[in-house]
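What follows is the residue order along each chain.
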Amino acid sequence: MDQAWLEELREFIAIPSVSADPAHVDDVRRAAEWVRDFVKRAGGEAELVPHGERDLVIGDIPANANGADAPTVLIYGHFDVQPPAPLELWDSPPFELAERDGWYYARGIADDKGQLFTLLKAAQLLHAAEALPVNLRIACDGEEEIGGHSIVDFIRDDERGADACIIFDGGMTRAEQPEFGLATRGLVAFHVKIRTGERDMHSGYYGGAALNAIHVLMQGLSALVAPDGLLPDQLRIGREPLSELEVQSLKRLPSGSEVLLDAGATPLDPKAEQDFYDRTWAEPSLDVNGIRGGKPEFVNTTLVVEAEARFTIRLAPGQDPERIAAAAERLFRQAVSEGAEVTLERENSAPPGVFSPDSQAIQLGMEAFKNAIGVKPILVRVGGTLPIYPALAEKGIPTIGTGFALRESNVHSPNERLRVQDVDRAVAAASELYRTLAALG
């Protein structure tokens, strides 16, 4: 990497823009100002747009020539990062860019400040060379890591739109095989509280005769979870199976057994390895994220009358959040004992996002990657939830969602890292994307 680039990246990384920690509110804003100022240095205009307690960075870098007729490409990335704790597990300070054994280490280097930097740097280089053939719109946020929706609101309210969008906030399952994400799973999140009496009781006096809130909670959750990997039919309505293109992509990905083994995970059932991609791409899943009840830290014989849990359902492409949420609530309530007081609150939701592999932008993007780094991307789905994807899909903006993080990049973990060579590769890929997308009709 050019030394000047390295110093810019080091400066950006050094801002501890941890959105989850109120103590770093000013740092998140400083990161926003850094992005704004970089866009201006790159030949564009940008400003901070307040949205709630956070700022969006909204800007433009115009094409060097024929701007009125040139396509418009939207760039999205986020400049907030995960908390670095536990600090003792880092081999170098998390907000000091370090290079070791062919990797850059720092919080945010892979997710997403380092990757956002490569999109901006490519734009700067092309504009300085008077070779930027598309109009670039910049829209970045500082709350992606805390589930903020300000960027989604911006896209839904935006009247200008774009001919395509580029997001470098993902990665590759195999180091030299780029991937374009065609779809993301949606999400419905619940918080459930159970009450079965006025106060906890002696289990010797009341056990077997009075309702235990933890038992009721277990009844409800048991009606929803999938011991064999597939949720109840009522929660699978609307899912779309993998396309032939996506099935073909599986041949170039590691097997489910490899993925689970590398993660140190225990397969859910005997078919989990074989059906790994189908389950994580084309099926809904439910996970209980936390349970509280009683006093498990003590030896005691208490009948518990209060319990609570949080659980989330990942929605497969094609599913409707409202329909699945309603079905989940019905299943839960039908399963619990009569007389229990159940409070079931839906905390948030997001629909799946789906893009057509036949769109001109994605086809051009695949050729651009092949020209830039020598390998044509494969088309995959993303098991996670990215609310910006359905917002873009709803607006009819085809999106190239990709990135250069690897499974071993330790995203959201200590010693987050990105390969040194992938910074240059990402800048090259972004530059070629901008040049190639000039052909959008």
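The structure reproduced in this document is the subject of the present report. Note that the structure is predicted; figures quoted are calculated from it, not measured.

Conventions we followed
Residues numbered from 1 in each chain as written. Predicted model: local features only at pLDDT ≥ 70, side-chain atom pairs only at ≥ 80, totals over all residues. Heavy atoms only, no water. Helix = DSSP H or I, 4+ residues; strand = E, 2+ residues; numbered from the N terminus. Rg over C-alpha atoms; globule rule 2.2 N^0.38 Å. Buried < 20%, exposed > 50% of the residue type's maximum accessible area, 1.4 Å probe, protein only. Contact = heavy atoms within 4.5 Å. Areas by Shrake-Rupley, 256 points an atom, 1.4 Å probe, with all protein chains shown as cover. Lys, Arg positive; Asp, Glu negative; His and termini not counted. Charge placed at Lys NZ, Arg CZ, Asp CG, Glu CD. Phe/Tyr/Trp six-rings, centres within 6.5 Å; stacked < 30°, edge-to-face > 60°. Core = buried A, V, L, I, M, F, W, Y, C linked by side-chain atoms within 4.5 Å. Patch = residues over 30% accessible without salt bridge, like charges linked within 9 Å, V, L, I, M, F, W, Y side chains within 5 Å. Salt bridge = Lys/Arg side-chain N within 4 Å of Asp/Glu carboxyl O. Pairing = 2+ DSSP bridges. Polar contact = N/O pair within 3.5 Å; in protein donor to acceptor, adjacent residues only side chain to side chain. Axes fitted to C-alpha atoms, helices over the stretch in contact; angles between N-to-C directions. Expected span 1.5 Å × (residues − 1). Parallel < 35°, antiparallel > 145°, perpendicular 65-115°, else oblique. Left-handed = near helix turned anticlockwise from the far one by under 90°. Nonpolar A, V, L, I, M, F, W, Y, C, P; charged D, E, K, R; others polar.

1. Overview of the overall build of the chain
- Across its full length, the chain carries 13 helices and 20 strands.
- Its C-alpha atoms give the chain a radius of gyration of 24 Å, near enough to 22 Å, the size a compact globule of 441 residues would have.
- With the C-alpha coordinates aligned to their principal axes, the bounding extent of the chain is approximately 80 × 45 × 45 Å.
- Taken across its 441 residues, the chain has 53% of its residues classed as buried.
- Pairs at least 24 apart in sequence give 80% of the contacts found in the chain among residues at least 6 apart.
- Element-wise, carbon and sulfur atoms account for 49% of the exposed surface of the chain, whose accessible area totals about 19,500 Å².
- Side-chain charges of the chain comprise 42 positive and 69 negative groups, with the mean position of each set lying 3 Å from the other.

2. Things to note about the packing of aromatic side chains
- Scanning all chains against the criterion turns up 14 aromatic pairs.
- Relative to Y389, the ring of F355 lies with its centre 5.8 Å away and its plane at 65 degrees, an arrangement referred to as edge-to-face. Of this pair, F355 sits in the loop between β16 (353–354) and α11 (360–373) while Y389 sits in helix α12 (residues 388–394), and the two are 34 residues apart along the sequence.
- Under the relative-accessibility criterion, F355 is labelled buried at 7%.

3. What about the nonpolar core?
- Counting residues in each nonpolar core, the largest one holds 88 residues, and the members touching the most others are V35, L136, F168 and Y434.
- Once residues within four sequence positions are removed from consideration, L136 is found in contact with G59, D60, I61, V73, I75, A123 and Y434.
- Membership of the second largest hydrophobic core comes to 28 residues, among which are F190, I194, A327 and A340.

4. Topic: a nonpolar patch on the surface
- Where nonpolar side chains cluster on the molecular surface, the patch consists of V225, V288 and I291 and spans about 230 Å² of accessible area.
- By the secondary structure assignment, I291 is in strand β12 (residues 285–293).

5. Remarks on the pairing of strand β1 (residues 45–51)
- Here β1 pairs with strand β2 (residues 54–61) via seven bridges, running antiparallel. Bridge pairing in β2 places L48 opposite V57.
- Turn length for the β1-β2 hairpin, with the two strands adjacent in sequence and antiparallel, is two residues, and the turn residue G52 shows positive phi of about 65 degrees.

6. So, the environment of R346
- Following the sequence through the fold, R346 ends up in strand β15 (residues 341–350).
- Assessed through its relative accessible area of 33%, R346 is described here as partly exposed.
- A C-alpha to C-alpha distance of 11 Å links R346 and L187, two positions 159 residues apart in sequence.
- Leave out the neighbours within four places in its chain, and R346 touches V188, A189, F190, E322 and A325.
- Here E322 takes part through its side chain, which lies 3.1 Å from a polar atom of the side chain of R346.

7. Examining unusual backbone geometry
- In the segment running from A85 into P86, the intervening peptide bond is cis, with an omega of 0 degrees.
- Structurally, P86 can be placed in the loop between β3 (72–78) and β4 (98–100).
- In the segment running from D111 into D112, the intervening peptide bond is cis, with an omega of -5 degrees.
- Within the secondary structure, D112 sits in the loop between β5 (103–105) and α3 (113–128).
- In this model, D101 sits at a positive phi of 50 degrees, which is unusual for a non-glycine residue.
- For D101, the position within the fold is in the loop between β4 and β5.

8. Here we look at the sheet that holds β2
- With mixed pairing, the six strands of this open sheet are ordered in space as β1-β2-β6-β3-β7-β18. In this open sheet, the two edge strands, each paired with only one partner strand, are β1 and β18 (399–402). The mean angle between the axes of side-by-side strands here comes to 20 degrees, regardless of whether they run parallel or antiparallel.
- Bridge count for β3 against strand β6 (residues 135–141) is seven bridges, and the pairing is parallel. The partner of G77 across the bridge, within β6, is C140.
- Strands β1, β2, β3 and β6 of the sheet are contacted by helix α4 (residues 150–157), whose axis makes an angle of about 145 degrees with β6.

9. A short note on the pattern of salt bridges
- Under the criterion given, the structure shown has 30 salt bridges.
- A salt bridge links R30 to D27; the shortest N-O distance between them is 3.0 Å. Here D27 and R30 lie together in helix α2 (residues 25–41), a separation of three residues that amounts to about one turn.
- The residue E416 makes a salt bridge to R107 at a minimum N-O spacing of 2.7 Å.

10. Let's talk about α3
- The end-to-end C-alpha distance of α3, which contains 16 residues, comes to 22 Å, matching closely the 22 Å that a straight helix rising 1.5 Å per residue would cover.
- In terms of burial, α3 is largely enclosed, as 14 of its 16 residues are buried.
- Downstream of α3 by a residue or two, E130 has a phi angle that is positive, lying close to 55 degrees.

11. Observations concerning the packing of α3 against helix α13 (residues 420–436)
- As a packed pair, α3 and α13 sit with axes 8 Å apart at the nearest point and diverge in direction by 55 degrees. Between α3 and α13, the angle falls in the class oblique. Every pair of crossing elements has a handedness; the one defined by α3 and α13 is right-handed. When α3 is examined against α13, the residues T118, L119, K121, A122, A123, L125 and L126 are found in contact with a partner set consisting of V423, A426, V427, A430, S431, Y434 and R435.
- Residue classes in the contact of α3 with α13 are distributed as 10 nonpolar, two polar and two charged.

12. Here's the deal with the side chain of S92
- Note that S92 resides in the loop between β3 and β4.
- S92 sits in the buried class, given a relative accessible area of 12%.
- Polar contacts involving the side chain of S92 include one to the side chain of R100, which spans 3.0 Å.
- Setting aside anything within four residues of it in sequence, one finds S92 in contact with A98, R100, Y105 and N415.

13. What to know about α4
- For α4, the set of buried residues is S150, I151, V152, F154 and I155.
- The secondary structure elements touched by the buried residues of α4 are β1, β2, β3, β6 and α12.

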